[in-house]
Every structure is written in structure tokens, then in C-alpha cells.
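Structural characterization, general
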Amino acid sequence: MATTDAHFTGLLEELTARSLAEQVRTAQRYRDLLQQVAAGDLDATALRGEHDRLVADHQAQLMRDITELGVRYYQSILDLNRAYVDRLFDQLYAAAGRAQAERVADPAEPAAVALSVAGRAGERVQAGFAVENSRDVPADIVFYASEFTGDDGTVFRVPLELDPPRVLLAAHGEHPFTLAITLDPEHFRPGGRYRAQVLVRGGEELELHLTVEVEAEPEPEPEPDD
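Heads up: these notes are all about the structure in this document. (Residues numbered from 1 in each chain as written. Predicted model: local features only at pLDDT ≥ 70, side-chain atom pairs only at ≥ 80, totals over all residues. Heavy atoms only, no water.)

1. A few points about the overall build of the protein
- Each helix and strand counted, the protein has 2 helices and 10 strands in total.
- Ordering the α and β elements of the protein from the N terminus gives α-α-β-β-β-β-β-β-β-β-β-β.
- Going through the 226 residues of the protein one by one, you find that 19% of them count as buried.
- The long-range fraction of contacts in the protein, counting pairs at least 24 apart against all pairs at least 6 apart in sequence, stands at 67%.
- For the protein, the exposed area adds up to about 17,000 Å²; of that, 55% sits on carbon and sulfur atoms. (Helix = DSSP H or I, 4+ residues; strand = E, 2+ residues; numbered from the N terminus. Buried < 20%, exposed > 50% of the residue type's maximum accessible area, 1.4 Å probe, protein only. Contact = heavy atoms within 4.5 Å. Areas by Shrake-Rupley, 256 points an atom, 1.4 Å probe, with all protein chains shown as cover.)

Have a look at this one:
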């Protein structure tokens, strides 16, 4: 940023010095012309008539030059804008290509692990799994659980118990975890099947595909005949 500011400051100083030099040059030429008129080398009347004619001609030419300069200016702006737009999109495509290549080359895509539990409505069920840290540095293992969706179209969120809920796993270490859930009858209906995803982040990238099977209520025993 400081280098850019210094560059523009130098350009401004250069333009200011050039403007002053042009003003001095114009004043000098005007002074030389007055000296020749005063010495009688030039006829003042003829000079005035020629001045008026030339000023009219020069004004017309000046307007043409200014118009042409303005057209070239806008052409330059359009060319500059096109160059920056092309550069921007070229860099975006290149960055997207590199990101895609990295994703293809990266073997650490999240692994899907199926996890199933079953029980009756109102019971507490659980299952175990392990998480590895394949990195050379410790990893902070955390979990993110989605909502449950039922085969009947219901969607709800209930708390999952993860023991331990968070672990700082050593490099190339492994740790067992327990997932437990209470099958609240308000949400987990007998005979229903419910699914959720639990994302494991920090070490080995995992997606736990959790399926909960709720046992159907037993058929009532027939009453004995009298």
C-alpha cells in the first residue's frame, strides 16, 4: 500500500511540475510577441486580425481534438475493463480447477459408516464406534447431528448422547465413542424407522448414517373363551 501511494504521489508531482513549466513557456512566448510589436517588427493591426482568425480556426480544431481524445479515453477504459474482467475470470477458473484437482487428489473424503440401533419406544439404546486421527498433529474431535426423518415423513430433532462429547485426539491415535439415544414415544412411534446423520470432524472425516428401528407393540393376547 505504501509503495502504491508513493507511486501516485510521484505521478502527481510530475504532472504539477509539467503544468507549471507549460505556463512559464506560454508566458515567455507571449512576452516575446509583445516585445516584437513594441519594437515595430510586427504590425499590431494585422496581428490582431490574424489572431482573431487563427483563434476561430484553432477553437474548431480544439473541439475536434478534444472529442477525439474523449473517444480514445473511453476506448481505453473499455479495453482496460475487458482486460481486468478476462483476468478475473481466468483466475477464477484456474482457482476452481485447482480446488477441484485437490478434492479429487485428496484421499480424506468423508467415509460413510452405517450405525443402527433398535429398541422399544421409551427405552434408551446405544451403539459404539471408533474415530482415528490419521494426521501428524493432534485433532479436536467434534460432532454435528442432523434432524431425524421418519419413513412416514416426520422431521424432528432430539438430543443425542455422545460419550465423550469431545476429545483432543493425539496424532495417529484412536478413541472409542458411545452414541446413545432415548426413544421418546412422542417422536419414535412403535414400528417406525428413523434416520439421521452425525458428522465427525477433526480427525478421520466420518459421516455416521444412523438408523433407529422402533419395535412394534406386541399383539394383545386374545381373551379366553368363557
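2. Some details on the side chain of Asn133
- Tracing the sequence through the fold places Asn133 in the loop between strand 2 (124–132) and strand 3 (139–145).
- From its side chain, Asn133 meets the backbone oxygen of Val137 in a polar contact 2.9 Å long. (Polar contact = N/O pair within 3.5 Å; in protein donor to acceptor, adjacent residues only side chain to side chain.)

3. Points about the packing of aromatic side chains
- Applying the stated criterion across every chain yields a total of 9 aromatic pairs.
- A ring pair is formed by Tyr73 and Tyr74, whose centres lie 5.2 Å apart and whose planes are at 70°; its orientation type is edge-to-face.
- Taking the centre distance of 5.2 Å and the plane angle of 90° together, the rings of Phe156 and Phe188 count as edge-to-face. Of this pair, Phe156 sits in strand 5 (residues 155–156) while Phe188 sits in the loop between strand 8 (174–182) and strand 9 (193–201), and the two are 32 residues apart along the sequence.
- Chaining the aromatic ring pairs together yields one cluster made of Phe148, Phe156, Phe188 and Tyr194.
- Its end group placed over the ring of Tyr84, Arg87 keeps NZ or CZ at 4.6 Å from the ring centre. (Phe/Tyr/Trp six-rings, centres within 6.5 Å; stacked < 30°, edge-to-face > 60°. Lys NZ or Arg CZ within 6 Å of the ring centre and 35° of its normal.)

4. Thoughts on the pairing of strand 10 (residues 206–214)
- Bridge analysis of strand 1 (residues 111–119) against strand 10 gives 9 bridges, and the strand direction is parallel. Bridged to Ala114 within strand 10 is His209.
- In the sheet, strand 9 pairs with strand 10 via 8 bridges, with the strands oriented antiparallel. Bridging across to strand 10, Gln197 finds its partner in His209. (Pairing = 2+ DSSP bridges.)

5. Overview of a nonpolar patch on the surface
- Together, Val85, Leu88, Phe89, Leu92 and Tyr93 make up an exposed nonpolar region whose accessible area comes to about 520 Å².
- Tracing the sequence through the fold places Leu92 in helix 2 (residues 44–105).
- Since its relative accessible area comes to 48%, Leu92 is described here as partly exposed. (Patch = residues over 30% accessible without salt bridge, like charges linked within 9 Å, V, L, I, M, F, W, Y side chains within 5 Å. Salt bridge = Lys/Arg side-chain N within 4 Å of Asp/Glu carboxyl O.)

6. As for the environment of Leu33
- Relative to the elements of secondary structure, Leu33 occurs in helix 1 (residues 2–38).
- According to the relative accessible area criterion, Leu33 is partly exposed, its value standing at 32%.
- Residues Leu33 and Leu47 lie 14 residues apart in sequence; the distance between their C-alpha atoms is 10.0 Å.
- With residues near it in sequence (within four places) discarded, Leu33 still touches Leu42 and Leu47.

7. Focus on the sheet that holds strand 8
- Across the sheet, 3 strands lie side by side as 2-8-6; this open sheet has antiparallel pairing. Every interior strand has two partners, whereas the edge strands, strand 2 and strand 6 (161–163), have only one. The mean angle between the axes of side-by-side strands here comes to 25°, regardless of whether they run parallel or antiparallel.
- The sheet contact formed by strand 6 and strand 8 spans 3 bridges and is antiparallel. Opposite Glu161, over in strand 8, you have Ala180 as the bridge partner. (Axes fitted to C-alpha atoms, helices over the stretch in contact; angles between N-to-C directions.)

8. Here's the deal with unusual backbone geometry
- At the junction of Asp163 and Pro164, the peptide bond is cis and its omega measures out at -5° in the coordinates.
- Along the chain, the position of Pro164 falls in the loop between strand 6 and strand 7 (167–169).
- The backbone of His172 sits at a positive phi, close to 60°, despite the residue not being glycine.
- Here His172 shows up in the loop between strand 7 and strand 8.

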